[in-house]
Amino acid sequence: MTGPSLDEISVFVTVLDQKSFAGAAKQLGISPPRVSELVRTLEERLGVRLVERTTRSVAATEAGERLRTQLRSLLEDYQTALDSMSDFREKPAGTLRLTVATPAAHFVIAPAIARFLATYPEITLEVSANNRLVDIVSERYDAGIRPGSRLEKDMIAVRLTDDINVIHVASPDYLARKGTPRNPDDLMDHNCVRFRLPNGMLPWRFRAKGDQVERHFTGNLVVDDLILGVRAAIDGVGVLQVLPYYVAREIAEGRLVTVLEDWAPPPVEGLHIYYPSRRQIRPALKVLVDFLRDAYRKHTIGQQVVNAIPFSGVSLPAVPETLTPVLS
């Protein structure tokens, strides 16, 4: 019997990364039976069981985990070798898989997509926007965009924005009913629209006279989407701690007003695009990093994030005045 094929190795690693035969099939664009066949053939060639299968889960055996660890760098080098052929093309090509924090998707990626793809039409972007911490190596992403404080130490990171201000807002109607808070203690008597990350509730931070404090407040609305939080604040649900970008239009139009200006939270560390340090950078990824870095240097990203100045006239859609009920 001949040695393992590259297809078998690639499918095996993808199955373990996805923890699913169906997930691997979807990512690789082949059928689930074909995935099972390739993994089974690899196990037969090596004479060891590599994957434990149950009706509910897929996991590596000890032998499988060792093999995956040793094969990952081989597959990355293989992909890099193929991608290096782009040096002989007029423009870089291939698919880039990115995982980005939701705010980065809104005010870094979205305004840049059209111009980037027009410049590099042979590159395909796959963008996953979420707020969970993602292992870009195990989940096979080429790069990610997160605040600098949330990056692993072994990553190469390029700054894309200045540090990001955070403000407190509420609707005029809400403040007329509940009063205007003057300090964080006053928020104990207010309804606070809170934000939850995948790893827990996000605390509210404040800064005054050089001191920083962190507090948890109560409220009857918890969201994991800032657009939803903004709409709730406009409708008078409560006080919201938010990035200025999301509410610049609403503040300008008087639908929201800022409060607690003297207690502005410490800025959030700026957004960075990052990728594994041990990986030779792909040509397609290099041009994306350069593209976004140049935009930052020209302040079309950095100042826009901090001051909520739209990218070349592009901004988020206005929060709708009314929402059509799903059920009548």
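Criteria and cut-off values
- Residues numbered from 1 in each chain as written.
- Predicted model: local features only at pLDDT ≥ 70, side-chain atom pairs only at ≥ 80, totals over all residues.
- Heavy atoms only, no water.
- Buried < 20%, exposed > 50% of the residue type's maximum accessible area, 1.4 Å probe, protein only.
- Helix = DSSP H or I, 4+ residues; strand = E, 2+ residues; numbered from the N terminus.
- Contact = heavy atoms within 4.5 Å.
- Polar contact = N/O pair within 3.5 Å; in protein donor to acceptor, adjacent residues only side chain to side chain.
- Salt bridge = Lys/Arg side-chain N within 4 Å of Asp/Glu carboxyl O.
- Phe/Tyr/Trp six-rings, centres within 6.5 Å; stacked < 30°, edge-to-face > 60°.
- Lys NZ or Arg CZ within 6 Å of the ring centre and 35° of its normal.
- Axes fitted to C-alpha atoms, helices over the stretch in contact; angles between N-to-C directions.
- Parallel < 35°, antiparallel > 145°, perpendicular 65-115°, else oblique.
- Left-handed = near helix turned anticlockwise from the far one by under 90°.
- Nonpolar A, V, L, I, M, F, W, Y, C, P; charged D, E, K, R; others polar.
- Pairing = 2+ DSSP bridges.

Colleague: Can you lay out helix α7 (residues 226-234) for me, pointing to particular residues and giving the numbers?
Modeller: In terms of burial, α7 is largely enclosed, as seven of its nine residues are buried. Where α7 is concerned, the buried positions are L226, G229, V230, R231, A232, A233 and I234. Tucked into the core, α7 has its buried residues touching α5 (102-119), β8 (192-197), β12 (222-223), β13 (239-242) and α8 (248-252). Its side-chain oxygen at 3.1 Å from the backbone nitrogen of I227, D225 defines the N-terminal cap of α7. Where α7 terminates, the next one or two residues include G236, which has phi positive at roughly 85 degrees.

Colleague: Pulling in residues and values, what's your account of unusual backbone geometry?
Modeller: Glycine aside, a negative phi is what most residues show, and trans is what most peptide bonds show. One non-glycine residue, K19, adopts positive backbone phi at about 55 degrees. Note on K19: relative accessible area 60%, which makes it exposed. At L260, a position not held by glycine, the phi torsion is positive, near 55 degrees. When you line up the elements, L260 lands in the loop between β14 (257-259) and β15 (271-276). Overall, L260 belongs to the buried group, its relative accessible area being 5%.

Colleague: Outline the side chain of N191, supporting the account with residue identities and numerical values.
Modeller: Locating N191 in the fold gives a position in the loop between α6 (172-178) and β8. Polar side-chain contacts of N191 include one of 2.8 Å to the side chain of N220. Leaving out residues up to four positions away in the same chain, N191 has contacts with Y174, T218, G219, N220, V237, G238 and V239.

Colleague: Residues and numbers for the pattern of salt bridges, please.
Modeller: For the structure shown, the criterion picks out 19 salt bridges. Here D235 and R231 are joined by a salt bridge, their closest N and O atoms 2.9 Å apart. Looking at R231, the relative accessible area reads 11%, which means it is buried. Two residues, K286 and D290, come together in a salt bridge whose shortest N-O distance is 3.0 Å. On the criterion of helical spacing, the pair formed by K286 and D290 is a turn pair, its members being four residues apart in helix α9 (residues 283-297). Each of D17, E65, R68 and R140 takes part in salt bridges that share partners, so that together they form one network.

Colleague: Break down the packing of aromatic side chains for me, with residues and values.
Modeller: Tallied over the full model, the rule gives seven aromatic pairs. Measuring from ring centre to ring centre gives 6.4 Å for F107 and Y246, while their planes differ by 65 degrees; the resulting arrangement is edge-to-face. With a gap of 139 residues between them, F107 in helix α5 and Y246 in the loop between β13 and α8 connect regions that are remote in the sequence. A single burial state applies to F107 and to Y246, both of which are buried. Note on F116 and F291: the rings are 5.3 Å apart at their centroids and 75 degrees apart in plane angle, and the pair reads as edge-to-face. On the criterion of sequence distance, the pair formed by F116 in helix α5 and F291 in helix α9 is long-range, its members being 175 residues apart. Per residue, the accessibility class of F116 equals that of F291, and both read buried. Each member of the aromatic cluster is reached from another via a ring pair, and the members are F107, Y245 and Y246. For R97, the ring lying beneath its charged end belongs to Y141, and the centroid distance is 4.2 Å.

Colleague: Describe the packing of helix α1 (residues 6-18) against helix α2 (residues 21-28), naming the residues involved and giving the relevant values.
Modeller: For the pair α1 and α2, the least separation of the axes is 8 Å and the interaxial angle reads 120 degrees. On the basis of the axis angle, α1 is oblique to α2. In this structure, α1 crosses over α2, and the sense of that crossing is right-handed. Note on element contacts: α2 touches α1 through F21, G23, A24, Q27 and L28, opposite S10, V11, T14, V15 and Q18. The residue makeup of the contact of α1 with α2, split by class, is five nonpolar, five polar and no charged.

Colleague: Residues and numbers for the sheet that holds strand β4 (residues 123-129), please.
Modeller: With mixed pairing, five strands are arranged side by side in an open sheet as β4-β3-β5-β15-β6. In this open sheet, the two strands that pair with only one neighbour each are β4 and β6 (155-159). Pairs of neighbouring strands in the sheet enclose a mean axial angle of 25 degrees, with direction left out of account. Sheet topology places strand β5 (residues 143-147) next to β15; four bridges connect them, and they run antiparallel. The residue bridging R146 from the neighbouring strand is H272, located in β15. Packed onto the sheet, α9 meets β3 (94-100), β4, β5, β6 and β15 and runs at close to 160 degrees relative to β15.

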